[in-house]
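Read off the chains here:
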Amino acid sequence: MKESSANSFPIAQDRGRTESEATMLKRKYGSRYDWKRIVDRRYAEQYISTTQFTGYVTLLEMDNVAAPLFMTYKGRGVCIANKGYSWLQHFPDGEQFSVTTVFDSTGQIVQWYIDICRENGYCLTNGPWMDDLFLDLIILPSGEIIEKDIDELEEALNSQLISDDEFALAWAEFDRIKTLAAQNRFELLGLTKEHLLILKGEQS
């Protein structure tokens, strides 16, 4: 496993929150350590600090899976997990989003999946994580942008899983990234192949 010191990443697990508050949102880890669909895997993580990106990047390589995973977008089935697929996930410092890039078995990008989150952090046991704020954006290589889980955000507010401030934060970040993506100005997407090589150890 390729790692840098965990101390170089802000450890935000319980900062300013009670234990019950910290568990309200679904915490997602780049390692996907509990994902039973993956039978054989390779995993790497690395802290990258450049003028273009600062934060943790994880790489999950699926050497074998119990069954492929398909998503349906506007009536079209898209495979996002299968033997030979890889998930590269970015956890940028101080931001309210995380980006997962899905690569197929030939190394082609299938999609970018952008989770809006309350915060990103690091766990010494399971690696980088983010606390999901429900709203998601999917960007396909064609440039098509798909909005996802708007109803889940509304339900979270109505059931008091999130505050009014968190609801507003999620929408503001969602709209900001959607605008950047539509204008082809969401620069992190252009770094995914370069960072894939770094995590694979093929580039210094």
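A quick note: this is a predicted structure, and the numbers were derived from the prediction, not measured.

Our next topic: the overall build of the protein chain. A tally of helices and strands in the protein chain yields four helices and ten strands. Overall, the protein chain shows an N-to-C arrangement of helices and strands of α-β-β-β-β-β-β-β-β-β-β-α-α-α. The proportion of buried residues among the 204 residues of the protein chain is 50%. Partitioning the contacts of the protein chain with sequence separation of at least 6, the portion at a separation of at least 24 is 57%. Split by element, the accessible area of the protein chain, about 10,100 Å² in all, is 48% carbon and sulfur.

Bringing the pattern of salt bridges into the picture now. Tallied over the full model, the rule gives twelve salt bridges. Between Asp 115 and Lys 28 there is a salt bridge; the shortest N-O distance is 3.5 Å. One end of the pair, Asp 115, is in strand β8 (residues 109-123); the other, Lys 28, is in strand β1 (residues 27-29), with 87 residues separating them in the sequence. With a relative accessible area of 3%, Asp 115 lands in the buried category. For Lys 28, a relative accessible area of 21% corresponds to the partly exposed category.

What follows is about the side chain of His 195. Note that His 195 resides in helix α4 (residues 192-199). The class of His 195 is buried, set by a relative accessible area of 2%. If sequence neighbours within four positions are ignored, His 195 has contacts with Ile 48, Phe 53, Val 57, Leu 88 and His 90.

We now examine the pairing of strand β5 (residues 76-81). Bridging between strand β4 (residues 69-73) and β5 involves five bridges; their strand directions are antiparallel. In the strand pairing of β5, Leu 69 is matched with Ala 81.

Attention shifts here to the nonpolar core. By size, the foremost hydrophobic cluster in this structure holds 35 residues, and its most contacted members are Val 99, Ile 114, Ile 162, Phe 186 and Leu 199. When residues of this core are traced back to their parent elements, those giving at least two are β2 (38-49), β3 (54-65), β7 (97-103), β8, β9 (127-139), α2 (150-158), α3 (164-182) and α4. Counting residues per element, this core draws most heavily on α3, at six residues. In contact with Ile 162, not counting residues within four places along its chain, are Leu 25, Leu 133, Phe 134, Leu 153, Ala 156, Leu 157 and Phe 167.

The end-to-end C-alpha distance of α3, which contains 19 residues, comes to 27 Å, matching closely the 27 Å that a straight helix rising 1.5 Å per residue would cover. Where α3 is concerned, the buried positions are Glu 166, Phe 167, Ala 170, Glu 173, Phe 174, Ile 177, Leu 180 and Ala 181. With its phi angle positive at about 60°, Asn 184 sits one or two positions after the end of α3.

Looking now at a negative patch on the surface. Residues Asp 151, Glu 152, Glu 154 and Glu 155 make up a contiguous surface patch of negative charge. Considering the arrangement of structural elements, one finds Asp 151 in helix α2.

Structurally, Thr 192 is set in helix α4. Beyond its immediate sequence surroundings of up to four residues, Thr 192 is in contact with Leu 88, His 90, Thr 101, Phe 103, Ile 109 and Trp 112.

Thresholds, definitions, all that
- Residues numbered from 1 in each chain as written.
- Predicted model: local features only at pLDDT ≥ 70, side-chain atom pairs only at ≥ 80, totals over all residues.
- Heavy atoms only, no water.
- Helix = DSSP H or I, 4+ residues; strand = E, 2+ residues; numbered from the N terminus.
- Buried < 20%, exposed > 50% of the residue type's maximum accessible area, 1.4 Å probe, protein only.
- Contact = heavy atoms within 4.5 Å.
- Areas by Shrake-Rupley, 256 points an atom, 1.4 Å probe, with all protein chains shown as cover.
- Salt bridge = Lys/Arg side-chain N within 4 Å of Asp/Glu carboxyl O.
- Pairing = 2+ DSSP bridges.
- Core = buried A, V, L, I, M, F, W, Y, C linked by side-chain atoms within 4.5 Å.
- Expected span 1.5 Å × (residues − 1).
- Patch = residues over 30% accessible without salt bridge, like charges linked within 9 Å, V, L, I, M, F, W, Y side chains within 5 Å.
- Lys, Arg positive; Asp, Glu negative; His and termini not counted.
- Charge placed at Lys NZ, Arg CZ, Asp CG, Glu CD.

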